[in-house]
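# Topology and contacts: notes
In case you want the letters, here they are:
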Amino acid sequence: MLNGKNILIGITGGIAAYKICELIRMFKRNNANVRVVCTPNALNFVTKLTLQNLSQNEVGVEEFNIEQFKPEHISYADEADIMIIAPATANTIGKIANGICDNLLTSIACAFTKPMIIAPAMNCGMWDNQFVQENLEKLSSAGYYVLEPDEGFLACGYNGKGRLCELQKIFDKTVNILNGEKFLSGKKIVITAGGTIEEIDSVRYISNYSSGKMGIALADEAYKAGAEVILISTVNAEKPYGVIKVKSAEDMKFAVENEYDTADCIIMAAAVADYRAKNIANHKMKKADNVENITVELVKNPDILQSLCKRKNSVLCGSAVSDTVKEKAPVIVGFCAESENLIENAKVKIAKKGCDYLIANDISRKDIGFSSDYNEVSILRKDGAIKHLDRMSKNDIAKSILKEIYG
Ligand SMILES: Cc1cc2nc3c(=O)[nH]c(=O)nc-3n(C[C@H](O)[C@H](O)[C@H](O)COP(=O)(O)O)c2cc1C
């Protein structure tokens, strides 16, 4: 699986350092070249001799190795396809997040330009520390792959979050990244796109300026990341994945609900009209010389997002719901387009609808949103967390949204 891949493992001074001996063996069994670099403190927990034998390579600790013409931190960084820091101590996380390079490992990390996985492990109090969390947030926003620790009984005697995640998780993530980051393999993602079209007569309709670009970018990125994708769209799109063309809000509701049972995630990026004409004339309505005003009576459209959330939440609230049922329920993501008080309105909306994530964007700005290839959004999570994504291409926004949900 990893034939010829160069994996650089950085070990820091945490009690979980001994577990990395087995991780090295997992990589070696899959034909990877493994190099290990340790902080001086890591050697209190695991010996250089062990690591050297398991990796079949010299282990780096000293930064000032004057026998080489190229500084070691540069040659290690150049050679590797990926760097994994495991276990990552609170101390080393803080240094990397702040550009501090005071030993060989942190200097390599600073010079490293390829993918880097960081697997923190520490006491639960350290994990909950505000500054540790801020440093980790900084690293994930900058594109580092942070693998959260597990909860359980910790070596320090406490029960809580802080155990190094399973080695298999670090191994699988490495394989995924090196083989093209198919982090959505095995997931079915249903995405809606475009503005719905609500007919008035056989030639006229009510719609909105949604171009469908955000929904299509999400579908493209989910597909590239290995998901089975169903795009339910009001705009035409020729794609290598499933596309269901719909027109009105009612068509869209029917199509989405049809996919509900088999979906792992439903992302409602379409701009669904709130109202539709009560009566649709089946011929072109004629202009009459003596009629100055006409009235088109509108009725409320179904709220697709809210009804999906109701369906999910009513199942989850039922008595004796098994874990399998909980796991099978799709993640539901809504979009909200606002022209003022973006975050306040989005907070009200996520609470009212009951979705897992709400992506809020400001449609009053001309440089993002409708028809533009760019967007700037805030991702609101059900638990109250908010993450802001600065202005970038809709494809990059899509990647970040998918990573936020499944990263
Ligand atoms: C027995 C023992 C276990 C430790 N385990 C951890 C740990 O799991 N995670 C952590 O962040 N720090 C742990 N520490 C503290 C770190 O070793 C300390 O912060 C050190 O400065 C880390 O250095 P390094 O990041 O350069 O390796 C431990 C210290 C001791 C004495």
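Read on for a plain summary of the structure. (Residues numbered from 1 in each chain as written. Predicted model: local features only at pLDDT ≥ 70, side-chain atom pairs only at ≥ 80, totals over all residues. Heavy atoms only, no water.)

## Here's the deal with the site of the ligand
Around the ligand sit 14 residues in total, of which Gly-13, Thr-39, Asn-41, Thr-89 and Thr-92 are the nearest. Separating an oxygen atom of the ligand from a side-chain N or O atom of Thr-39 is a distance of 2.7 Å. Note that an oxygen atom of the ligand is positioned 2.9 Å from one of the backbone N or O atoms of Ala-90. The protein chains hide 65% of the 640 Å² of surface that the ligand would expose on its own. The biggest single contributor to the shell around the ligand is helix α4 (residues 90–97), with three residues. In terms of residue class, the shell around the ligand is built from six nonpolar, eight polar and no charged. (Near = heavy atom within 4 Å. Polar contact = N/O pair within 3.5 Å; in protein donor to acceptor, adjacent residues only side chain to side chain. Areas by Shrake-Rupley, 256 points an atom, 1.4 Å probe, with all protein chains shown as cover. Helix = DSSP H or I, 4+ residues; strand = E, 2+ residues; numbered from the N terminus. Nonpolar A, V, L, I, M, F, W, Y, C, P; charged D, E, K, R; others polar.)

## Side note on the sheet that holds strand β12 (residues 228–233)
Spatially, β13-β12-β9-β14-β17-β18-β19-β20 is the arrangement adopted by the eight strands of the open sheet, whose pairing is mixed. Two strands lie at the open edges of the sheet, namely β13 (242–245) and β20 (386–393), each paired on one side alone. Adjacent strand axes in the sheet meet at a mean angle of 20° when their direction is disregarded. Where strand β9 (residues 188–193) and β12 come together, six bridges link them in parallel fashion. Across the sheet, the residue bridging to Ile-189 is Val-229, located in β12. Relative to strand β17 (residues 331–338), helix α11 (residues 304–317) is tilted by about 155°, and along the sheet it contacts β14 (265–268) and β17. (Pairing = 2+ DSSP bridges. Axes fitted to C-alpha atoms, helices over the stretch in contact; angles between N-to-C directions. Contact = heavy atoms within 4.5 Å.)

## Overview of the pattern of salt bridges
Evaluated as defined, the whole model comprises 23 salt bridges. In this structure, Lys-161 engages Glu-148 in a salt bridge whose closest nitrogen and oxygen atoms are separated by 2.5 Å. You can see Lys-161 sitting in strand β8 (residues 159–163) and its partner Glu-148 sitting in the loop between β6 (145–146) and β7 (150–153), a full 13 residues away along the chain. For Glu-148, a relative accessible area of 40% gives the class partly exposed. The shortest N-O distance in the salt bridge between Glu-297 and Lys-278 comes to 3.9 Å. Separated by 19 residues along the polypeptide, Glu-297 in the loop between β15 (275–277) and β16 (298–300) and Lys-278 in the loop between β15 and β16 bring together distant segments of the chain. Judged by relative accessible area, which is 48%, Glu-297 ranks as partly exposed. Within this structure, Glu-137, Arg-381, Asp-383, Lys-387 and Glu-404 form a network of salt bridges that share partners. (Salt bridge = Lys/Arg side-chain N within 4 Å of Asp/Glu carboxyl O. Buried < 20%, exposed > 50% of the residue type's maximum accessible area, 1.4 Å probe, protein only.)

## Focus: the packing of aromatic side chains
Summed over the entire model, instances satisfying the criterion amount to two aromatic pairs. An angle of 50° between the planes, with centres 5.4 Å apart, marks the rings of Tyr-223 and Tyr-241 as tilted. Of this pair, Tyr-223 sits in helix α9 (residues 213–224) while Tyr-241 sits in the loop between β12 and β13, and the two are 18 residues apart along the sequence. Over the aromatic face of Tyr-374 sits the side chain of Arg-391, whose NZ or CZ is 4.3 Å from the ring centroid. Cation over ring: Lys-403 sits above Phe-183, and NZ or CZ is 5.7 Å from the ring centre. (Phe/Tyr/Trp six-rings, centres within 6.5 Å; stacked < 30°, edge-to-face > 60°. Lys NZ or Arg CZ within 6 Å of the ring centre and 35° of its normal.)

## Remarks on the packing of helix α1 (residues 20–29) against helix α2 (residues 48–55)
Two numbers describe a pair of packed helices, the interaxial angle and the distance between the axes. Relative to each other, α1 and α2 sit at 15°, their axes nearing to 9 Å. Taken together, the axes of α1 and α2 are roughly parallel relative to one another. The crossing of α1 and α2 is right-handed. Contacts from Cys-21, Ile-24, Arg-25 and Lys-28 in α1 reach Thr-50, Leu-51, Leu-54 and Ser-55 in α2. For the contact of α1 with α2, the residue count by class is four nonpolar, two polar and two charged. (Parallel < 35°, antiparallel > 145°, perpendicular 65-115°, else oblique. Left-handed = near helix turned anticlockwise from the far one by under 90°.)

## Some remarks on the nonpolar core
Counting residues in each nonpolar core, the largest one holds 37 residues, and the members touching the most others are Phe-27 and Ile-170. Going through the elements one at a time, β1 (6–11), α1, β2 (33–38), β4 (82–88), β5 (116–120) and α8 (167–178) are the ones with two or more residues in this core. Not counting chain neighbours up to four residues away, the residues in contact with Ile-170 comprise Leu-23, Ile-84, Ala-86, Ile-117, Ala-119, Leu-147, Leu-164 and Cys-165. With 34 residues, the next largest nonpolar core counts Ala-193, Ala-269, Ile-379 and Ile-401 among its residues. (Core = buried A, V, L, I, M, F, W, Y, C linked by side-chain atoms within 4.5 Å.)

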